[in-house]
Amino acid sequence: MIKIAVIDGQGGGIGRQIIEALRRELHWNVEILALGTTSLATAAMMKSGAKEGATGENAIVYSSQRVDYILGSVGIITANAMHGEVTPAMAKAISDSYAKKILIPLSSGNIEIVGVDKSIPLPKIIENAARMISTLIYEEEGERRPERRHIV
C-alpha cells in the first residue's frame, strides 16, 4: 500500500486542503497520514479524511522515514519555519527521507522561490500537487493515469 504523509502546522488549513484534494484525485487505496506540528493542525487534517494522525517532532521524524510521498509547504524542509514550529530535527528528517517530496511553493520566512507564478491561486496549486501525486503513483504502478474530462 502506498503511504502519503501530509505535514502542516499552525491551524492545519493547508494540510486539510491537500488531503481533500488527494481524496478527490486518488481513485485507489492509499494511506494518508496527517502529521501536524501542533495538535490543532493534526485535528484539522484528520477531519478531512486522513487515515491516521500524529503530532510533534518525534512523530514527524519517525514517520517521514516510513512513507512513500511527503506533501506540505516548502516550510516543512526549513528549520524554524511556521514561527518555529518546524524544528531543525523535523526539517532534516523530512529532507533526508527517501520519500518523494511534493512541496507547495509558499514563501517561508526569508525564502522566496524564483520562477513561481504568484498569480496562480493556492487551491489550484494544491490541485496540481494532488494530480502530480496521482501521475507519479500511476507511473510507479506501470499504468497510465486516466485523463480527466474537465480540469479546473
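Not measured: the values here are computed from a predicted model. (Residues numbered from 1 in each chain as written. Predicted model: local features only at pLDDT ≥ 70, side-chain atom pairs only at ≥ 80, totals over all residues. Heavy atoms only, no water.)

Visitor: Can you help me understand the sheet that holds strand β1 (residues 2–8) in this one?
Guide: Read across the open sheet, the five strands follow the order β3-β2-β1-β4-β5; overall the sheet is parallel. For this open sheet the edge positions go to β3 (52–55) and β5 (100–104), each flanked by a neighbour on one side alone. Sheet twist, expressed as the mean angle between neighbouring strand axes with direction ignored, is 20°. Inspection of the sheet shows strand β2 (residues 30–36) paired to β3 by four bridges, in the parallel sense. The residue of β3 that forms the bridge with G36 is T55. (Pairing = 2+ DSSP bridges. Helix = DSSP H or I, 4+ residues; strand = E, 2+ residues; numbered from the N terminus. Axes fitted to C-alpha atoms, helices over the stretch in contact; angles between N-to-C directions.)

Visitor: Got a minute to help me understand unusual backbone geometry in this structure?
Guide: Outside of glycine, negative phi angles account for most residues, and trans bonds account for most peptide bonds. Of note, N80 is a non-glycine position whose phi angle comes to about 70°, a positive value. The topology assignment puts N80 in the loop between β4 (69–73) and α4 (81–84). The phi angle at M82 is positive, at roughly 55°, despite the residue not being glycine. Relative to the helices and strands, M82 is located in helix α4.

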